[in-house]
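# Understanding the architecture of this molecule
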Amino acid sequence: NAGVTQTPKFRILKIGQSMTLQCTQDMNHNYMYWYRQDPGMGLKLIYYSVGAGITDKGEVPNGYNVSRSTTEDFPLRLELAAPSQTSVYFCASSYRGGVTNQPQHFGDGTRLSIL
Amino acid sequence: AQRVTQPEKLLSVFKGAPVELKCNYSYSGSPELFWYVQYSRQRLQLLLRHISRESIKGFTADLNKGETSFHLKKPFAQEEDSAMYYCAPQLEYGNKLVFGAGTILRVKS
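Now for a quick tour of the structure. (Residues numbered from 1 in each chain as written. Chains lettered and ligands numbered in written order. Predicted model: local features only at pLDDT ≥ 70, side-chain atom pairs only at ≥ 80, totals over all residues. Heavy atoms only, no water.)

Residue and element names in this part refer to chain B. If you trace the backbone, Lys-74 turns up in strand 8 (residues 69-74). Here Lys-74 falls in the buried class, since its relative accessible area comes to 10%. Among the polar contacts listed, one links the side chain of Lys-74 to the side chain of Asp-81, at a separation of 2.8 Å. Each residue touching Lys-74, except ones within four places of it in the same chain, is listed here: Ala-17, Pro-18, Val-19, Lys-57, Gly-58, Phe-59 and Asp-81. (Helix = DSSP H or I, 4+ residues; strand = E, 2+ residues; numbered from the N terminus. Buried < 20%, exposed > 50% of the residue type's maximum accessible area, 1.4 Å probe, protein only. Polar contact = N/O pair within 3.5 Å; in protein donor to acceptor, adjacent residues only side chain to side chain. Contact = heavy atoms within 4.5 Å.)

Written out as structure tokens, the structure is:
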């Protein structure tokens, strides 16, 4: 199993451009997440999904959109890129089940620069 | 407000020395608590979780509900322990994590 796969690994955008960060997982996990990590800071939750067709805002959702049409895929869309969105983006997934909370599994990250 | 504090940005120790990475949380309810680790050029991965009460790579973490702390400890640091460590309480709904800012551990030979 590949686990959580993110593409691209690196990208440079101009202000005002749009792009989609791709995330797919092959573990049949119900839950998926998008985080951003700014220098010297912890990961901040942007959006998450508890299943296909269901998405919810996290701590820092402004400027982003998501969709979850399948269990496997959870793309993150930036509509009008701004310099404040320069960051490293991580996708993660988690299994829903058992009597205790399940850990999250992370992708390698996408390093995005907005110039 | 939910908050996780890792007071040290950088912790530098010599090989063989004991290590303690501090984590304090401000949380309502009884969250599940995790430590995640990111080694150089690797993805973020689970190190240990409180409920398992297991030791991974020699690390343990004790939950102190009175002090709301979940410090990570290892009696003898190894060079391969050098990495970024994150403390992360988890909310029940959606298994959401709240990350601390992280602590860089550097183990010197």
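There's more to say after this.
Glancing now at the interface of chain A and chain B. Taken together, the contact pairs 25 residues of chain A with 22 residues of chain B. The junction of chain A with chain B conceals about 1900 Å² of combined surface from both sides, 48% of it contributed by carbon and sulfur atoms. Linking chain A to chain B there are one salt bridge. Between Arg43(B) and Asp108(A) there is a salt bridge, with the nearest N and O atoms lying 2.9 Å from each other. Counting every contact that joins chain A to chain B gives 11 residue pairs in polar contact (both at pLDDT 80 or more). Its residues assigned to classes, the side of chain A that touches chain B comprises 14 nonpolar, nine polar and two charged. (Buried area = accessible area lost by both parts, 1.4 Å probe. Salt bridge = Lys/Arg side-chain N within 4 Å of Asp/Glu carboxyl O. Nonpolar A, V, L, I, M, F, W, Y, C, P; charged D, E, K, R; others polar.)

Using the criterion set out here, one finds 10 aromatic pairs over all chains in the structure. Ring geometry for Tyr35(A) and Phe99(B): centres 5.5 Å apart, planes at 90 degrees, overall edge-to-face. Separated into two different chains, Tyr35(A) in strand 4 (residues 31-37) and Phe99(B) in the loop between strand 9 (83-90) and strand 10 (103-108) make up a pair that spans both. Among the residues examined, Tyr35(A) registers a relative accessible area of 0% and is labelled buried. What links up through ring pairs into an aromatic cluster is the set Tyr33(A), Tyr35(A), Phe106(A), Phe34(B), Tyr36(B), Tyr86(B) and Phe99(B). Positioned above the aromatic ring of Phe74(A) is the side chain of Arg68(A), whose terminal nitrogen or guanidinium carbon lies 6.0 Å from the ring centre. Residue placement shows Lys108(B) over the ring face of Phe14(B); its charged tip is 4.4 Å from the ring centre. (Phe/Tyr/Trp six-rings, centres within 6.5 Å; stacked < 30°, edge-to-face > 60°. Lys NZ or Arg CZ within 6 Å of the ring centre and 35° of its normal.)

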